[in-house]
Amino acid sequence: MATIVFFCIPAHGHTNPTLNVVRELKARGHRVVYYSYDEFREKIEDAGAEFVSCNGNDAQLHLTKEEGARIGADLALSTRVLVDTTLSLDEPVCRDMERLKPDCIVADSMAVWGKAVAKKLGIPFVCSTTTFAFNRESAKIMPHSLKETLSMILSMGKVNAQVKRLQQAGYPVKSVLDLIGSDESVPTVVYTSPLFQPSAETFPEHFAFVGPSIRPARSQVVKTGEKLVYISMGTVRNDMLPLYRACVQAVKGTNWQVILSVGDQVDTQMLGALPENVSVFPSVDQIAVLQKADVFLTHCGMNSASEGLYFGVPLVMLPQTSEQSGVAARAEQLGAGLRLRRTTPDAIRAALEKAMKDPSYRENAEKIGASFRASGGAKAAADCIAGCFRAEK
C-alpha cells in the first residue's frame, strides 16, 4: 500500500475531477490524504480520502472583496497570495510529510504549495491539470492582449520580491515560472482528451490526457419542450442580471424548454415575471440537465464545457476570462460551438437557433465526447500516479 497526498485549491472545478481518481486509488488499496478546504470536506471524504483542512492557512480566504475580484488577473497579487499560502503551510505540511512519508504528492497546477513542498523535500510529484496543458504551441490559443502584457511587465519587480521570500525559506525556485509554469519534466494528469487538448502531440509521453471526470447524475430531468436550452454562467462570476434578463427575453414565445441556473448572487425576483417555458434556479444538477439538453449557453469554464461536450451538446459560448476564451477558441476550432458576440435578446436567440439547427455543431460535439470517453479516465490517471512512485522504488 502506498500513501498518496493530494493538494488542491478551493474551487469545485479543480476538486471534482480528482474525486474519481481518489476512488480508483483507494480501490487499489492505497491510502489517500487530501489537503483542501472545509466546504469540500464531505465530497472528499465520500471519495474515501482522509481530509486535512487548509482553511487557516490560505491567504486568498482573507482578501478584500476588491482584491478577490483581481485575483488571477493581477500577477503580483496572485503571486503574493501563492507565496503567503505556501509559507503559511510550510511548517505544518513539512511536519506532516515527515510523519506520513508519502510515496507521491499530487497537486493541482494552481496549488503551488504542493509542488513547492514536494521539491523542497524531494518527494515524487505529479501535477493535476484541470485546464489545458500549456507549452509554447498550446499557449498560442490564449494570446495575451497588449494591456495584459504591459501589466505583467510592470508587476515583475513585485513578483520577484515574492519569489525571494520562498528562496529564503529554502524552496528551490528560480523564478515565478517555477510556480505557475508547466514543467514538462513532471508527470502530469490532464483532464481532457488528446483531441480537445491543443497541440497534444507536442507534449512528452508522461503527460496523461485522461479525459474529464464526469460524475453520475443525482436526479432526473423531464424534457417537456421540443428543445431543451440550458443556460449557466458557472459558480464564480455569475452576478450577471442583465444577461439573464436578456436570455429570458430571447427565449420568450418559443416552444423551447429553458432551464436557467443563476447562482446565489442574483435575486431571482429581479428577473420579473417569467414566461411559462422558463425555469430559474440558483443551481441545478448540471449533469442531469446536460444529458437531455439540445444546446448549452455557457461561460466556457473548462469543467462546464467538458461536461457539455461529453454529452454531445453544442455550445453557445460567452467567456469571461482568458482561460475561458481559450476553451471557447478550441471548441470553435473543432466546430462544436459558436461564440456569442453580443448579448442582446436578438443575438442570443439567433445563436441558440443556429447551434440547434446546424447539425454539424452536435456532430462535432459528439466526436469530442467520444474522445473523452476513450481517454482512460480515472484508471489512466491512477496509472500515471502509480507509475511515478513505482519508478522511485
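Read on for an overview of the structure. Since the structure is predicted, the reported quantities are computational estimates derived from the model, not experimental observations.

Here is what the cut-offs are and how they apply
- Residues numbered from 1 in each chain as written.
- Predicted model: local features only at pLDDT ≥ 70, side-chain atom pairs only at ≥ 80, totals over all residues.
- Heavy atoms only, no water.
- Core = buried A, V, L, I, M, F, W, Y, C linked by side-chain atoms within 4.5 Å.
- Buried < 20%, exposed > 50% of the residue type's maximum accessible area, 1.4 Å probe, protein only.
- Helix = DSSP H or I, 4+ residues; strand = E, 2+ residues; numbered from the N terminus.
- Contact = heavy atoms within 4.5 Å.
- Expected span 1.5 Å × (residues − 1).
- Phe/Tyr/Trp six-rings, centres within 6.5 Å; stacked < 30°, edge-to-face > 60°.
- Lys NZ or Arg CZ within 6 Å of the ring centre and 35° of its normal.
- Pairing = 2+ DSSP bridges.
- Axes fitted to C-alpha atoms, helices over the stretch in contact; angles between N-to-C directions.
- Salt bridge = Lys/Arg side-chain N within 4 Å of Asp/Glu carboxyl O.
- Parallel < 35°, antiparallel > 145°, perpendicular 65-115°, else oblique.
- Nonpolar A, V, L, I, M, F, W, Y, C, P; charged D, E, K, R; others polar.
- Disulfide = S-S within 2.5 Å.
- Polar contact = N/O pair within 3.5 Å; in protein donor to acceptor, adjacent residues only side chain to side chain.

**A few points about the nonpolar core**
- If you look at the biggest cluster of nonpolar residues, it comprises 59 residues, and the most contacted ones within it are Phe-6, Phe-7, Tyr-35, Met-97, Ile-105, Trp-113 and Ile-385.
- If you tally residues by element for this core, the top one is helix H14 (residues 377–392), at seven residues.
- Not counting chain neighbours up to four residues away, the residues in contact with Met-97 comprise Val-5, Phe-7, Tyr-35, Pro-102, Ile-105, Val-117, Leu-121 and Ile-123.
- By size, the runner-up hydrophobic cluster in this structure holds 32 residues, among which are Leu-243, Ala-250, Leu-271 and Leu-340.

**As for helix H11 (residues 322–333)**
- The terminal C-alpha atoms of H11 lie 16 Å apart, and with twelve residues this matches the ideal 16 Å at 1.5 Å per residue to within 8%.
- Of the positions making up H11, those classed as buried are Gln-324, Gly-326, Val-327, Ala-328, Ala-329, Arg-330 and Ala-331.
- Looking at the packing, one finds that the buried side of H11 touches helix H10 (302–310), strand S12 (315–317) and strand S13 (337–339).
- Directly beyond the C-terminal end of H11, a positive phi value near 70° is found at Gly-335.

**What to know about the packing of aromatic side chains**
- Under the definition given, this model contains eight aromatic pairs.
- Both rings, one in Phe-6 and one in Tyr-34, keep their centres 5.3 Å apart while their planes meet at 15°; by these two values the pair is stacked. Taken together, the residues Phe-6 in strand S1 (residues 3–7) and Tyr-34 in strand S2 (residues 31–36) connect sequence positions 28 residues apart. Each of the two residues, Phe-6 as well as Tyr-34, counts as buried.
- Each member of the aromatic cluster is reached from another via a ring pair, and the members are Phe-132, Phe-196 and Phe-372.
- It is Arg-373 that lies over the ring of Tyr-310; its NZ or CZ is 5.3 Å from the centre.

**Regarding the sheet that holds strand S4 (residues 104–108)**
- If you walk across this open sheet you meet the seven strands as S3-S2-S1-S4-S5-S6-S7, and the pairing is parallel. Every interior strand has two partners, whereas the edge strands, strand S3 (50–53) and strand S7 (207–209), have only one. Across the sheet, the mean angle separating the axes of adjacent strands is 20° when strand polarity is ignored.
- Sitting on the sheet, helix H5 (residues 112–121) is in contact with S1, S4 and strand S5 (125–129), with an inclination near 150° to S4.

**Observations regarding unusual backbone geometry**
- Notably, Lys-101 is not glycine yet its phi reads approximately 50°, a positive angle.
- For Lys-101, the position within the fold is in the loop between helix H4 (75–100) and S4.
- The phi torsion at Ser-199 lies on the positive side, around 55°, for a residue other than glycine.
- Tracing the backbone through its elements, the reader meets Ser-199 in the loop between strand S6 (188–190) and S7.

**Focus on the pattern of salt bridges**
- All told, the structure shown has twelve salt bridges when counted by the stated rule.
- A salt bridge links Asp-285 to Arg-215; the shortest N-O distance between them is 2.9 Å. Of the two residues, Asp-285 sits in the loop between strand S10 (278–281) and helix H9 (286–290) while Arg-215 sits in the loop between S7 and strand S8 (227–232), which places them 70 residues apart along the sequence.
- Judged by its relative accessible area of 14%, Asp-285 falls in the buried class.

**A look at the environment of Gly-387**
- When you line up the elements, Gly-387 lands in helix H14.
- Taking the C-alpha atoms as reference points, Gly-387 and Pro-187, separated by 200 residues in sequence, lie 9.1 Å from one another.

**Here we look at the packing of H10 against helix H13 (residues 359–373)**
- It is at 7 Å that the axes of H10 and H13 come closest, and there the two elements cross at 100°. In terms of orientation, H10 lies roughly perpendicular with respect to H13. Seen from H10, the contacting residues are Ser-306, Leu-309 and Tyr-310; seen from H13, they are Ala-365, Ile-368, Gly-369, Phe-372 and Arg-373.
- Tallied by class, residues from the contact of H10 with H13 come to five nonpolar, two polar and one charged.

**Considerations on the sheet that holds S8**
- Taken together, six strands build an open sheet; the order of strands is S10-S9-S8-S11-S12-S13 and the sheet is parallel. Each of the sheet's edge strands pairs with one partner strand only, and the pair in question is S10 and S13. For this sheet, the mean inter-axis angle between neighbouring strands, taken without regard to orientation, is 15°.
- Across the sheet, helix H8 (residues 241–251) touches S8, strand S9 (256–261), S10 and strand S11 (295–298), and the angle it forms with S9 is around 175°.

**Details of H13**
- Here H13 spans 21 Å end to end across 15 residues, near enough to the 21 Å set by a 1.5 Å rise per residue.
- Buried-residue contacts for H13 involve H10, S13 and helix H12 (345–357).

**Concerning the state of the cysteines**
- Summed over the entire model, instances satisfying the criterion amount to zero disulfides.
- There is no disulfide at Cys-8, and the cysteine sulfur nearest it, in Cys-54, is 9.8 Å away.

**With respect to the side chain of His-30**
- Topologically, His-30 is positioned in the loop between helix H1 (12–27) and S2.
- Taking relative accessible area as the criterion, His-30 reaches 12% and is therefore assigned buried.
- Polar side-chain contacts of His-30 include one of 3.2 Å to the backbone nitrogen of Ala-2.

**Description of the pairing of S4**
- Judged by how many residues are buried, S4 sits mostly within the fold: five of five residues are covered.
- Covered by surrounding structure in S4 are Cys-104, Val-106 and Asp-108 together with Ile-105 and Ala-107, the residues of both alternating faces.
- Of the strand pairs in this sheet, S1 and S4 are connected by four bridges, and their pairing is parallel. Within S4, the position partnered with Ile-4 by the bridge is Cys-104.
- Bridging between S4 and S5 involves four bridges; their strand directions are parallel. The partner of Val-106 across the bridge, within S5, is Val-126.

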